[in-house]
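One-letter residues, chain by chain:
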Amino acid sequence: MKHNGFWLLTCFLSIGLNAQPLLSPESAVQLALKQNLFLAANQVNSLNAELQQTYGNAGFLPSLQINTAYSMQSNDLKQEFSNGLKVDKRGVGSSNLQAGLGLQWTLFDGGRMFHNWNRLKEESRLAGFSFGAESENLVANTLMAYYRIVQLQQQLKSIEAGLKVVEQQVLVSKTRLESGAGSRQEYLQSEIDL
């Protein structure tokens, strides 16, 4: 009966104690790449630069203009003719609709469109390099921080192990002092080491 209660208590406690999973270097890098807002903004800038690299933005394509206009008028008409006929009308309406279409295509502009094309291509390339460099810096910084934490954890384990050894030395030197086999100086030195 005692063993059943012990196992039942152990099961309940083990359900409540979930350890946090260890973070691998690959997971840390993926998490950093996924959640870095500056890198996301850099990626958007890079994609935007790629989308801006078009023949239309460089000036190679024609520009098309469409114009429309609509006007509506209401007039009062009062006329008296020489033959004695009188016309008196209010609210005589007229409307006018105009549409225009214009196409302008510059065939040669002194090489400016070629310059613009090269500039857009270079901006796209530089934005890609910037995104790549920022990604590499983020990966490098994440890995350096990860391994610095691992180093500090190992250093902490080493210090704890050294502390246990020194505590044992204090206990041994105290026991030796109390039994008369050791000196007070040996005990005090082990206390200082601790």
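Just so we're clear, the structure is a prediction, and the values are computed from it rather than from any experiment. (Residues numbered from 1 in each chain as written. Predicted model: local features only at pLDDT ≥ 70, side-chain atom pairs only at ≥ 80, totals over all residues. Heavy atoms only, no water.)

### Observations regarding the overall build of the chain
Along its length, the chain carries six helices and two strands. Its helices and strands taken in sequence order, the chain reads α-α-α-α-β-β-α-α from the N to the C terminus. The buried share of the chain, taken over its 194 residues, is 12%. Carbon and sulfur atoms make up 59% of the accessible area of the chain, which totals about 16,300 Å². (Helix = DSSP H or I, 4+ residues; strand = E, 2+ residues; numbered from the N terminus. Buried < 20%, exposed > 50% of the residue type's maximum accessible area, 1.4 Å probe, protein only. Areas by Shrake-Rupley, 256 points an atom, 1.4 Å probe, with all protein chains shown as cover.)

### Some remarks on the environment of Leu47
Position of Leu47 relative to the elements: it lies in helix H3 (residues 37-52). When its relative accessible area of 46% is taken as the criterion, Leu47 is described as partly exposed. Residues Leu47 and Ser124, spaced 77 residues apart in sequence, show a C-alpha to C-alpha distance of 8.1 Å.

### Concerning the packing of helix H2 (residues 25-35) against helix H5 (residues 112-179)
At a minimum axis distance of 9 Å, the contact between H2 and H5 shows a crossing angle of 135°. Between H2 and H5, the angle falls in the class oblique. The hand of the H2/H5 crossing is right-handed. Of H5, the residues touching H2 (which contributes Pro25, Ala28, Val29, Ala32 and Leu33) are Ser135, Leu138, Val139, Thr142, Leu143, Tyr146 and Tyr147. (Axes fitted to C-alpha atoms, helices over the stretch in contact; angles between N-to-C directions. Parallel < 35°, antiparallel > 145°, perpendicular 65-115°, else oblique. Left-handed = near helix turned anticlockwise from the far one by under 90°. Contact = heavy atoms within 4.5 Å.)

### Some details on a nonpolar patch on the surface
A cluster of nonpolar side chains, Leu64, Ile66, Leu101 and Leu103, forms an exposed patch at the surface whose accessible area comes to about 490 Å². Among the secondary structure elements, those contributing two or more residues to the nonpolar patch are strand E1 (63-80) and strand E2 (86-104). Inspection of the secondary structure assignment puts Leu101 in strand E2. (Patch = residues over 30% accessible without salt bridge, like charges linked within 9 Å, V, L, I, M, F, W, Y side chains within 5 Å. Salt bridge = Lys/Arg side-chain N within 4 Å of Asp/Glu carboxyl O.)

### Some thoughts on the pairing of E1
By the criterion of burial, E1 is predominantly exposed, with just zero of the 18 residues buried. Pairing of E1 with E2, which is carried by 17 bridges, proceeds in the antiparallel orientation. Bridging across to E2, Glu80 finds its partner in Lys86. Linkage of E1 to E2, two consecutive antiparallel strands, is achieved through a turn of five residues, within which Gly84 is found at a positive phi near 95°. (Pairing = 2+ DSSP bridges.)

### With respect to the packing of H5 against helix H6 (residues 184-193)
Across the interface, H5 lies against H6 with an axial gap of 9 Å and an inter-helix angle of 160°. With respect to H6, the element H5 is oriented roughly antiparallel. In the packing of H5 onto H6, the handedness of the crossing is left-handed. Two secondary-structure elements touch here, H5 through Val166, Gln169, Val170, Ser173, Lys174, Arg176 and Leu177 and H6 through Arg184, Glu186, Tyr187, Ser190, Glu191 and Asp193. Per-class residue counts for the contact of H5 with H6 are four nonpolar, three polar and six charged. (Nonpolar A, V, L, I, M, F, W, Y, C, P; charged D, E, K, R; others polar.)

### Considering the environment of Asn57
Within the secondary structure layout, Asn57 lies in helix H4 (residues 55-58). In sequence terms Asn57 and Met113 are 56 residues apart; their C-alpha atoms lie 8.8 Å from each other. With residues up to four places along the chain from it excluded, the contact list for Asn57 reads Gln52 and Leu120. Separated by 2.9 Å, the side chain of Asn57 and the backbone oxygen of Gln52 make a polar contact. (Polar contact = N/O pair within 3.5 Å; in protein donor to acceptor, adjacent residues only side chain to side chain.)

### Concerning the layout of surface pockets
In this structure, the largest pocket encloses a volume near 180 Å³. Leu22, Leu23, Tyr146, Ile149, Val150 and Gln153 together form the lining of the largest pocket. (1 Å grid on protein atoms, 1.4 Å probe; cavity = no way out; pocket = protein on both sides within 12 Å on 5 of 7 lines; lining within 4 Å. Points joined across faces, edges and corners; volume = space filled by probe spheres on them.)

### Some words on H2
All buried positions along H2 are accounted for by Pro25, Ala28, Val29 and Ala32. Seen from one end, H2 has its buried residues packed into an arc of 95°, which puts them on one side. Turned more than 90 degrees from where H2 packs its buried face, Glu26, Gln30, Lys34 and Gln35 sit exposed. Those residues of H2 hidden inside the fold are in contact with H5. (Arc of directions from axis to C-beta.)

Everything listed is a geometric property; what it means functionally is a separate question.
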